[in-house]
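The primary structure of each chain is shown beneath.
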Amino acid sequence: MQEIDSPGVFWLPDSPEDKLSGRLTFSPTGKVRLNLVGEFAHAKFRSFDQFQIHGWIGSDPITLDGCFSNGVYRKYSGVSESRFAANRMFIGHIFKDQELNFQQVCINVSHLAEWTGRTGIHVQESTDQSNSFSISYTHPPEEISEFSRGRVSLGQSWSRKTQLSKAEIIQQPFIRIEYNELVHCDDILTDVGRVQDLLTLCIDSPADTDKVIFCRPDIHSTMLSGDSSGSPQRIEFRAPRLRYKPIEERKNLTPDSMLLTYSELGGTSSIASWLDETGAFERPLNSLMSVRNTDRIYAENRFLNVAFAAEAYHRSTQGGSYMDQAEFERLLADYERITPDEHKKWLQSRLGYGNDAPLSKRLRQLAQRSRPATRTLIDQEGRWAETISKVRNELTHLGAGPSPFTGSDLFFLSESVYSVVRVCMLNTCGISPQTWMSKRESQAIVKYGDRVRSAVHNARKSLGISSPDRNL
């Protein structure tokens, strides 16, 4: 995602005649900032107001959305400077709030080329003594699958650069999502995030979104003559990222380091299934991804985030209770009959969720579902589940003393929970048990195996427990 530092002219949507010149800057890990010379006439901004600013930088129309004022600064020379920040920008068209709907999005995601393993570049070397070779490019066919709201496809763009001393072919895969109707950009960005999450889960490494391009059928690009070209206008979306690694700092990934390659996942049909199914466990997925999409996080927070993701995912997809619901309601009614009226509300608040399955049971069931892949990592499922549950309880109910667990042990316990929940979530795509069994000894699964077992042992020692209670 490229940075921006450009002069331009800008105005408020309701006052297009009141234009100010200034400088727009953007950094993927920073903010969208706009510094203007002068002040907008008659504009009064409150600290909690959010609004739009329109403008041009070079030949590109700009919409800054979610703007807020950082105040006006008056210099000794008498020149005032208005400063603004924005949550996001759209490059290529000027929108109003109610118009931020689109029908198509194309995204470039880091490591997509390594994950898909597709190439249209072919190199042929001579077999004789002529010392010659040729390079050609054949465009790979686009792969398309349908989901409930449209179509998802894997395509590839390419370009060439030819000079007297060198020739270069550049190819770049992209994922396109086309919708059956216009969809608000916020909902589209949720789908973009879900694709990014899927790639992160599969490649066992954070995936960065490098480019997001929106299109809609009624907005066309303009030719030099000023006439409409009839082709959709590419509208680039830019917004700061919580975490972003520049392209030059990224390491190349190999299939051996990934949990699942694109073909092992099942191609675009599995991506389509993922887009349809993840709505059922969106919050657990967000919590799980929070430990991958940040550079730094305290070990206790990491553990609690993945433990919440495991419990919430199980609750969302499997439910679960300690006893039959009718039996629980009869028991609760018996308690209420012998409870004084002034304490009944308290009793109901304390026992209203008392029939939920305990975390240890939920974890055991998740471990059983992920067993084809994680059996080597988890070892004894009951022992592991009980340990994670008791560590979570110890961290949640803070005592007066310091935590009995080291940051290292909490990290590896977190990674074990992450691995189990990741496999369960990816099962949404229809991964076969045979595929998972082939991954049981893969680097993505077993790289922390010894350390996970050591962390379980250390945690149980700190908690003063020895054998698992199968009834938990």
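Details of the structure are given in the entry above.
Predicted model, so just to flag it, every value in this text is computed and none were measured. (Residues numbered from 1 in each chain as written. Predicted model: local features only at pLDDT ≥ 70, side-chain atom pairs only at ≥ 80, totals over all residues. Heavy atoms only, no water.)

## Thoughts on the pattern of salt bridges
This model, assessed by the stated rule, comprises 24 salt bridges. Glu 81 is the salt-bridge partner of Arg 83, the closest N and O atoms lying 2.6 Å from each other. Across the pair Asp 191 and Arg 149 runs a salt bridge whose closest N-O atoms are separated by 2.8 Å. Highlighted residues: Asp 191 in helix H2 (residues 185-203) and Arg 149 in the loop between strand S10 (143-147) and strand S11 (150-162), separated in sequence by 42 residues. (Salt bridge = Lys/Arg side-chain N within 4 Å of Asp/Glu carboxyl O. Helix = DSSP H or I, 4+ residues; strand = E, 2+ residues; numbered from the N terminus.)

## Observations concerning the environment of Ile 465
Residue placement: Ile 465 occurs in the segment after helix H15 (449-463). What Ile 465 contacts, discounting residues up to four positions off in sequence, is Glu 386, Lys 390 and Arg 460. (Contact = heavy atoms within 4.5 Å.)

## Examining empty space enclosed by the protein
Under the definition given, this model contains 2 cavities of 30 Å³ or more. Size it by volume and the largest cavity reaches roughly 60 Å³. Surrounding the largest cavity, 13 residues form its lining, Glu 415, Ser 419, Ala 444, Ile 445 and Tyr 448 being those nearest its centre. Looking at the lining of the largest cavity, the elements with two or more residues in it are helix H12 (407-426) and helix H14 (443-446). (1 Å grid on protein atoms, 1.4 Å probe; cavity = no way out; pocket = protein on both sides within 12 Å on 5 of 7 lines; lining within 4 Å. Points joined across faces, edges and corners; volume = space filled by probe spheres on them.)

## A closer look at the pairing of strand S4 (residues 51-57)
S4 sits mainly inside the fold: 6 of its 7 residues count as buried. By the bridge criterion, 3 bridges tie strand S1 (residues 4-12) to S4 in an arrangement that is antiparallel. The residue of S4 that forms the bridge with Trp 11 is His 54. As paired strands, S4 and strand S5 (residues 60-74) are joined by 6 bridges and run antiparallel to one another. Within the sheet, the bridge partner assigned to His 54 lies in S5 and is Thr 63. Counting the residues in the hairpin turn of S4 and S5 gives 2 residues, including Gly 58, whose phi is positive at 60°. (Buried < 20%, exposed > 50% of the residue type's maximum accessible area, 1.4 Å probe, protein only. Pairing = 2+ DSSP bridges.)

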